[in-house]
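# Tertiary structure, described
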Amino acid sequence: MLRVEQDGLVWYTLASYAGLPVVHGAFTRLGGVSREPFASLNVGGHVGDDPAAVAANHRAIYAALGVDPARVVSARQVHGDRVARVGDADVGRTLEATDALITDAPDVLLVLRFADCVPVWLYDPQHHAIGLAHAGWQGTARCIAAKTVCAMGETFGSRPEDIRAGIGPAIGPCCYEVGTDVIEALRAAIVDAEGLLQQRTPHTAHLDLWRANAVQLSAVGVTHIEVAGLCTACHVDAFYSHRREAGRTGRFAVVAGLEERS
Ligand SMILES: [Zn+2]
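Anyway, here's the lowdown on the structure attached to this text. (Residues numbered from 1 in each chain as written. Predicted model: local features only at pLDDT ≥ 70, side-chain atom pairs only at ≥ 80, totals over all residues. Heavy atoms only, no water.)

### Notes on the overall build of the protein
Along its length, the protein carries five helices and 16 strands. Its C-alpha atoms give the protein a radius of gyration of 17 Å, within 12% of the compact-globule value 18 Å for 262 residues. With the C-alpha coordinates aligned to their principal axes, the bounding extent of the protein is approximately 50 × 45 × 30 Å. For the protein, buried positions account for 54% of its 262 residues. Between the averaged position of the 22 positive side-chain charges in the protein and that of its 29 negative side-chain charges there is a distance of 3 Å. (Helix = DSSP H or I, 4+ residues; strand = E, 2+ residues; numbered from the N terminus. Rg over C-alpha atoms; globule rule 2.2 N^0.38 Å. Buried < 20%, exposed > 50% of the residue type's maximum accessible area, 1.4 Å probe, protein only. Lys, Arg positive; Asp, Glu negative; His and termini not counted. Charge placed at Lys NZ, Arg CZ, Asp CG, Glu CD.)

### Description of the pairing of strand β10 (residues 129-135)
A large share of β10 lies buried, amounting to seven of its seven residues. Burial along β10 is two-sided: Ala129, Gly131, Ala133 and Ala135 facing one way and Ile130, Leu132 and His134 facing the other are all buried. Across seven bridges, the pairing between strand β9 (residues 118-124) and β10 is antiparallel. Pairing of Trp121 across the sheet is with Leu132, part of β10. (Pairing = 2+ DSSP bridges.)

### Side note on the coordination of the zinc ion
All of the protein donors around the zinc ion are Cys174 (SG), Cys175 (SG), Cys231 (SG) and Cys234 (SG); their distances to the metal are 2.3 Å. Seen from the zinc ion, its four donor atoms lie at angles of 103 to 117°, and the figure they make is tetrahedral. When the donors of the zinc ion are listed by position in the chain, the intervening gaps give C-C-x55-C-x2-C. Taken together, the positions of Cys175 in the loop between β11 (164-167) and β12 (177-178) and Cys234 in the loop between β15 (224-227) and β16 (252-258) put the pair 59 residues apart, joining distant regions of the chain. Look at Cys234 and you get partly exposed, because its relative accessible area is 41%. (Donors = N, O, S within 2.8 Å, 3.2 Å for Na, K, Ca; no water. Tetrahedral: all angles 85-135°; square planar, octahedral: opposite > 155°, others 65-115°.)

### Digging into a negative patch on the surface
Taken together, the side chains of Asp68, Asp107, Glu259 and Glu260 present a region of like negative charge at the surface. Relative to the helices and strands, Glu259 is located in the segment after β16. (Patch = residues over 30% accessible without salt bridge, like charges linked within 9 Å, V, L, I, M, F, W, Y side chains within 5 Å. Areas by Shrake-Rupley, 256 points an atom, 1.4 Å probe, with all protein chains shown as cover. Salt bridge = Lys/Arg side-chain N within 4 Å of Asp/Glu carboxyl O.)

### Description of the pairing of strand β8 (residues 109-114)
The side chains of a regular strand alternate, first on one face of the sheet and then on the other. Within β8, six of the six residues are buried, which leaves it mostly tucked inside the rest of the structure. Burial along β8 is two-sided: the face carrying Leu109, Val111 and Arg113 and the face carrying Leu110, Leu112 and Phe114 are both buried. Summarising the sheet, strand β4 (residues 72-75) and β8 pair through three bridges and their orientation is parallel. When the bridges of β8 are listed, Val72 appears paired with Leu109. Two elements, β8 and β16, share six bridges in a ladder whose sense is antiparallel. Bridging across to β16, Leu110 finds its partner in Ala256.

Below, the structure written as structure tokens:
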């Protein structure tokens, strides 16, 4: 990914999206106004942070991107597998119980919140449509990234081979120790999940959620996949990590939107 710094904010963009008519990025925790343990660019409204600080952080992000805040569509993420198509009628809304958003409406900014779960961007340059998914272990076990690709196919006619996928900053295999419940769920969801699990003790393993999502995208025909390889738990200076910070932390913003094509 490429690091962007502007107006005191720092975010990462996909190298493979360079030159595409897409606004996107994974923001870091740098440059906001929230205090510890949410310092400083927290966009999570349900973590105990001051609502005025959270609102100011949102404003700073949209200002840095040059996006009208009234054009944001967001979702209350529940680690499920609901994919929602949104458009002009949804701007300003936060959809209930949704973990992936897709749109072909220009100037709509999709925004989701993260602290270890995997952000997945999906852009179809043929139909000028975009998707953004939130895949923690539960979403991964429910194949949400692949379901979002399928929803783009059904809704916009997107072909998997045209889609440019990006897997953003999330907890890496270096830090993501999981127990029997997660191991069983992943084995049930992914053929040959053993390659994604490094068994450390009889009841624990380290899970590679990045590659799990890449494997699921490949399985439905996506061939262009950029994996950031940035571990949120290794880099709590830059990102929020629910695991590393024992749940007392904020959420960083991940955004995706379409620009008008010239
Ligand atoms: Zn790590």
